[in-house]
Amino acid sequence: MDPARRLGPAQIDAVAQLGVSTVLLGGIYALIAVGLTLIFGIMRVVNFAHGEFLMLGMYLAFWSFTLWGVDPYFILFVAIPLFFMVGLVTYVLVMKGVITASHNVQIFTTFGLSILLQNVALVSWSGDFRFVRPWHLSVALRVGGTTFNLSQVVAFVISVVLTVALFAFMKFTHTGRVMRATAQDRDAATLMGIDTDRVYRLTFAIGIAAVGAAGVLVAPLYSVYPTAGLQFVLLSYVVVVLGGLGDMAGALIGSLIVAAVEVAGSYVFGIAWKEIFYFLLFILVLVFRPAGLFGQRGSETLGA
Amino acid sequence: MRHRAIPFVALIVALLASGTHAQSLSGEYKLGVLEPLTGPLAFEGKRHLEGLEIVRDMINERGGVMGKKLTFALADATDPTVAASEANRLITREGVKIIIGTFSSRLCGAASEVAARHNVIYWETSCVDPRFNKRGLKTVYRTEIDATGFGWYNVEFIAKHLAPRFNLKPNQIKIAFLSEDSSYGQGVTESARLRAKQEFGMQELAAEYYNWTTINDMTPIVLKLKQLNPDIVHHIGFGNDAVLFWRQSKEQNFLFKALVHAGATGYGGSDFGKALGNDANGVFALLEPGPGFRLEALKPEGQKIEREFREAVQKRTGSYPLGGHQLAGPGLWILKLVLDRAGTDDPDKFNAAVMSLDLPVGSSMNGWGVKFSETGQNANERVQHYMLQWQNSQLVTVWPEEFTTARAKWIPLGAWDQRK
């Protein structure tokens with residue numbers, strides 16, 4: 001009775017739709033993961049509060065839409081500089097003090113920040129599920145037997161643009177090169193006259209700006225609530241490890257792989273299996289390619 | 001002379017009036033209240049607390065409990081571990097003899113275990129884990145039916161109301177089960193599966209579980225179910241998952257005859273209507289009574305207290321009672337009835353009072369009756385439940401028909417754009 005076993009026109013449509021869903025879902029995951037991989041790769045800090053900045057981005061979209069009727073796509077222009085500032089402030093107030101501390105201290109700090117932000121949101125805005133319903137959410141584009149949700153398509157396109165932009169920034173600009181140098185060896189970079197504190201500040205701010213933008217874009221697709229970030233954050237760690245720490249293109253491809261595993265696994269074996277599959281993949285990658293599928297061998301220990 | 005008498009008379013009247021309202025309450029009675037007030041379960045926990053506070057005030061306006069003013073000792077149960085330690089604190093530090101709580105099936109097991117160990121009464125208003133009353137704990141009671149009761153009512157509705165309106169016999173119904181994987185979702189789904197199959201011979205096409213906190217795309221399951229072509233989708237959702245399933249079913253043009261849910265979360269929460277507006281039309285959710293509910297169908301004492309409860313909720317929140325209010329508040333009201341009857345919180349005498357309480361359907365808030373089993377569970381058939389349907393952004397009561405003025409529409413559900 002497994003529907004995947006019967007082949008017919010309906011089946012081919014279903015497979016095509018699964019492909020579409022994979023790409024669109026992968027786009028969302030990539031959007032969330034690029035900021036994380038940047039911070040992870042350059043600062044060597046696992047930001048456990050990443051999901052909470054996503055949640056704050058979602059609330060920004062929700063309140064702007066509810067109070068002033070502003071479409072989330074316009075809010076994006078406000079969100080990016082705003083979250084850049086939030087990133088700077090968070091770095092100065094919280095991260096700067098623990099950047100040279102042990103990983104345990106960093107984990108406790110960012111985890112504490114995560115709990116703090118969740119509860120600030122809970123106290124300020126209550127635990128209700130809230131929804132943003134711009135007009136484009138109910139627009140479904142039909143191509144052949146497949147359906148594309150317009151909001152999801154836009155989120156996907158922006159995530160690709162963002163990833164490519166960050167990739168180019170890291171690869172071709174002087175600041176990008178300085179950031180990569182710091183990632184490779186903090187002490188050597190300092191000896192070469194690089195202000196590593198400035199690099200970290202910038203990295204953290206860019207990472208938070210990216211995830212803030214992601215929050216604004218996913219707000220229409222999911223409900224907005226204080227622990228909304230947890231829905232995606234575990235998965236972004238998988239994506240980041242799959243793609244290789246600090247690798248933008250790897251994050252995009254890792255996202256597509258996770259989405260494919262999730263979508264195909266849910267369809268063929270049942271929806272309860274999806275996490276088993278991608279965490280299995282996660283473990284296999286850690287065992288056989290600890291630097292990630294596309295990462296440079298040994299890069300996981302760089303700068304440690 | 002007459003003019004000078006007027007203020008005097010008014011003063012006497014005012015004094016009399018205030019005297020009848022605030023009966024003299026001698027002392028306070030402190031009740032332990034355990035609800036999740038922060039963390040992921042807080043959104044419902046706070047609503048429960050609101051329901052408890054509303055009925056606490058009603059109780060104090062009506063003579064308190066055992067002649068004393070009812071007060072709360074609050075505790076925040078964010079997860080099972082905290083629930084247990086906070087129950088402990090309420091008992092040892094606050095000295096409470098009765099704890100009321102905790103809404104979530106994740107919490108009630110751990111908290112009640114602690115209470116029972118201290119020989120303290122644990123009064124559950126909302127958690128529906130079927131295991132709750134099956135652990136041999138002597139001081140544990142529950143006013144709401146358990147998850148198996150929800151499954152029982154859902155299948156009753158499908159077999160007795162929907163099947164005839166589809167011109168199908170119950171054994172011709174093809175049904176797909178989908179559920180979030182909490183003990184609540186599983187309890188409802190498994191009991192519904194069992195009853196659908198054994199009692200009515202319905203054809204089960206699928207039974208799928210998922211974790212609502214990590215589900216980001218329902219398209220794969222929508223596609224899978226679409227190919228199986230069920231008449232009924234029995235979906236227990238929690239929050240975002242319900243909205244996602246419904247929106248993506250529309251995107252994929254997945255057509256079926258009805259969707260049936262149970263409980264105040266997911267499709268049964270007001271958030272679902274807010275998220276989807278009129279696109280929500282047609283969904284069924286088993287709940288406490290909503291708009292359309294006929295007060296006249298209740299017994300006179302039930303009518304009176306239900307009307308007063310609604311007015312109190314309206315005054316505090318500006319809306320009709322929501323699911324959380326309707327579980328917590330009426331549960332507390334039944335506790336008051338028991339305490340007044342027992343006159344003490346001594347567990348043995350309290351137990352005798354619980355067992356002797358026998359109220360038919362329609363006697364209390366929500367049209368509930370009371371008859372506890374030996375295990376401390378209020379009976380399925382006394383705790384009357386109702387099927388509500390989303391109609392133009394409102395959940396209205398549609399079944400059983402003798403209790404309501406509204407009628408179920410869109411049977412079977414037509415094309416997605418025809419449900420206006």
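Use the structure listed above.
What counts, and where the lines are drawn
- Residues numbered from 1 in each chain as written.
- Chains lettered and ligands numbered in written order.
- Predicted model: local features only at pLDDT ≥ 70, side-chain atom pairs only at ≥ 80, totals over all residues.
- Heavy atoms only, no water.
- Helix = DSSP H or I, 4+ residues; strand = E, 2+ residues; numbered from the N terminus.
- Rg over C-alpha atoms; globule rule 2.2 N^0.38 Å.
- Buried < 20%, exposed > 50% of the residue type's maximum accessible area, 1.4 Å probe, protein only.
- Contact = heavy atoms within 4.5 Å.
- Areas by Shrake-Rupley, 256 points an atom, 1.4 Å probe, with all protein chains shown as cover.
- Lys, Arg positive; Asp, Glu negative; His and termini not counted.
- Charge placed at Lys NZ, Arg CZ, Asp CG, Glu CD.
- Salt bridge = Lys/Arg side-chain N within 4 Å of Asp/Glu carboxyl O.
- Pairing = 2+ DSSP bridges.
- Axes fitted to C-alpha atoms, helices over the stretch in contact; angles between N-to-C directions.
- Buried area = accessible area lost by both parts, 1.4 Å probe.
- Disulfide = S-S within 2.5 Å.
- Core = buried A, V, L, I, M, F, W, Y, C linked by side-chain atoms within 4.5 Å.
- Expected span 1.5 Å × (residues − 1).

Novice: Could you clarify how one ought to interpret the overall build of chain B in this entry?
Specialist: Helix and strand content of chain B: 12 helices and 14 strands. Computed over its C-alpha atoms, the radius of gyration of chain B comes to 23 Å, within 12% of the 22 Å expected for a compact globule of 420 residues. Projecting the C-alpha coordinates of chain B onto the three principal axes gives extents of approximately 80 × 60 × 35 Å. When each of the 420 residues of chain B is scored for burial, the buried share is 60%. For chain B, the proportion of contacts with a sequence separation of at least 24, taken over those separated by at least 6, is 68%. Of the roughly 15,700 Å² of accessible surface on chain B, 52% is carried by carbon and sulfur atoms. In chain B, which carries 48 positive and 45 negative side-chain charges, the distance between the mean positions of the two groups comes to 4 Å.

Novice: Could you clarify how one ought to interpret the pattern of salt bridges in this entry?
Specialist: For side chains bearing opposite charge, pairing can occur when the charged atoms are close. Evaluation of the coordinates by the stated rule reveals 31 salt bridges over all chains. Ionic pairing is found between A:Arg201 and A:Asp197, a salt bridge with its closest N-O pair at 3.4 Å. Remark: A:Asp197 and A:Arg201 occur in helix H8 (residues 196-218); sequence separation between them is four residues, near one turn of the helix. With a shortest N-O distance of 3.0 Å, B:Glu306 and B:Arg310 are connected by a salt bridge. Remark: B:Arg310 and B:Glu306 occur in helix H10 (residues 300-317); sequence separation between them is four residues, near one turn of the helix. On the accessibility criterion, B:Glu306 (1% relative accessible area) is buried. In this structure, a network of salt bridges that share partners links the residues B:Lys30, B:Glu86, B:Arg89 and B:Glu94.

Novice: How do you make sense of the sheet that holds strand E4 (residues 121-124) of chain B when you look at a structure like this?
Specialist: Paired through their backbone hydrogen bonds, the strands of a sheet run either parallel or antiparallel. Residues and elements named next belong to chain B. Judged by pairing direction, the sheet is parallel, and its five strands sit side by side in the order E2-E1-E3-E4-E5 without closing on themselves. Sheet topology places strand E2 (69-76) and strand E5 (140-142) at the edges, where each strand pairs with a single neighbour. Between one strand axis and the next, the sheet turns through 25 degrees on average, direction left out of account. Lying on the sheet, helix H3 (residues 80-92) is in contact with strand E1 (28-35), E2 and strand E3 (98-101); it crosses E2 at an angle near 140 degrees.

Novice: Can you walk me through the interface of chain A and chain B in this structure?
Specialist: The parts lose accessible area when they come together, and the size of an interface is often stated as this lost area. Each partner contributes residues to the interface: chain A has 42 residues there, and chain B has 40 residues. Carbon and sulfur atoms make up 54% of the surface buried where chain A meets chain B, a total of about 3,400 Å² over both sides. When the area that chain A buries against chain B is broken down by residue, the three leading residues are A:Phe129, A:Phe131 and A:Ile271, summing to 20%. Along the contact surface separating chain A from chain B lie zero salt bridges.

Novice: Before we go on, may I ask you to explain the pairing of strand E14 (residues 394-399) of chain B in this structure?
Specialist: The two faces of a sheet get side chains in turn, since along a regular strand they alternate between them. Residues and elements named next belong to chain B. E14 sits mainly inside the fold: five of its six residues count as buried. Looking at chain direction, strand E13 (residues 386-391) and E14 are connected through five bridges and run antiparallel. Considered in E14, the bridge of Gln391 is made with Gln394. Joining the antiparallel neighbours E13 and E14 is a turn of two residues, in which Asn392 adopts a positive phi near 45 degrees.

Novice: How should I be thinking about the state of the cysteines in this particular structure?
Specialist: Here is the idea: a disulfide is a covalent bond, and it sits between the sulfur atoms of two cysteines. All names here are of chain B. The full count for this structure, using the stated rule, is one disulfide over all chains. The residue that forms a disulfide with Cys108 is Cys127, at a sulfur-sulfur distance of 2.1 Å. Negative torsions about the S-S bond denote left-handed disulfides, and the value of about 60 degrees found for Cys108 with Cys127 makes this one right-handed. You can see Cys108 sitting in helix H4 (residues 105-117) and its partner Cys127 sitting in the loop between E4 and E5, a full 19 residues away along the chain. Look at Cys127 and you get buried, because its relative accessible area is 0%.

Novice: Mind showing me how you'd approach the nonpolar core here?
Specialist: In a soluble, globular protein the nonpolar side chains are often hidden away together inside. Judged by nonpolar contacts, the single largest core of 131 residues is most densely connected at A:Tyr222, B:Met218, B:Leu225, B:Phe245, B:Trp246 and B:Phe272. Here this core takes 15 residues from helix H1 (residues 9-43) of chain A, the largest share from any one element. When near neighbours in sequence (up to four residues on either side) are disregarded, B:Trp246 contacts B:Phe256, B:Leu259, B:Tyr267, B:Phe272, B:Leu276, B:Asp279, B:Ala280, B:Asn281, B:Val283, B:Leu413, B:Trp416 and B:Arg419. Ranked by size, the runner-up nonpolar core spans 75 residues in total, among them B:Ala159, B:Val313, B:Trp333 and B:Ala342.

Novice: Would you mind showing me how to read unusual backbone geometry here?
Specialist: The phi torsion of most residues other than glycine is negative, and most of the peptide bonds are trans. All names here are of chain B. The omega angle of the peptide bond from Trp399 to Pro400 is 0 degrees, so this bond is cis rather than trans. Note that Pro400 resides in the segment after E14. For Asn366, which is not glycine, the phi torsion reads 65 degrees and is therefore positive. You can see Asn366 is positioned in the loop between strand E11 (358-359) and strand E12 (370-371). According to the relative accessible area criterion, Asn366 is buried, its value standing at 0%. Positioned with a positive phi, Trp410 is a non-glycine residue whose angle comes to about 50 degrees. For Trp410, a relative accessible area of 14% translates into the label buried.

Novice: So what exactly am I meant to see when it comes to helix H6 (residues 183-198) of chain B here?
Specialist: Because each turn of an α-helix spans 3.6 residues, side chains separated by three or four positions in sequence point in the same direction. All names here are of chain B. With 16 residues, H6 extends 22 Å between its outermost C-alpha atoms, agreeing within 8% with the 22 Å of an ideal straight helix rising 1.5 Å per residue. Taken together, the buried positions of H6 are Tyr184, Gly185, Gly187, Val188, Thr189, Ser191, Ala192, Arg195 and Ala196. Those residues of H6 that are buried are in contact with H4, helix H5 (147-165), strand E6 (174-180), strand E7 (203-210), strand E8 (232-236) and strand E9 (258-262).

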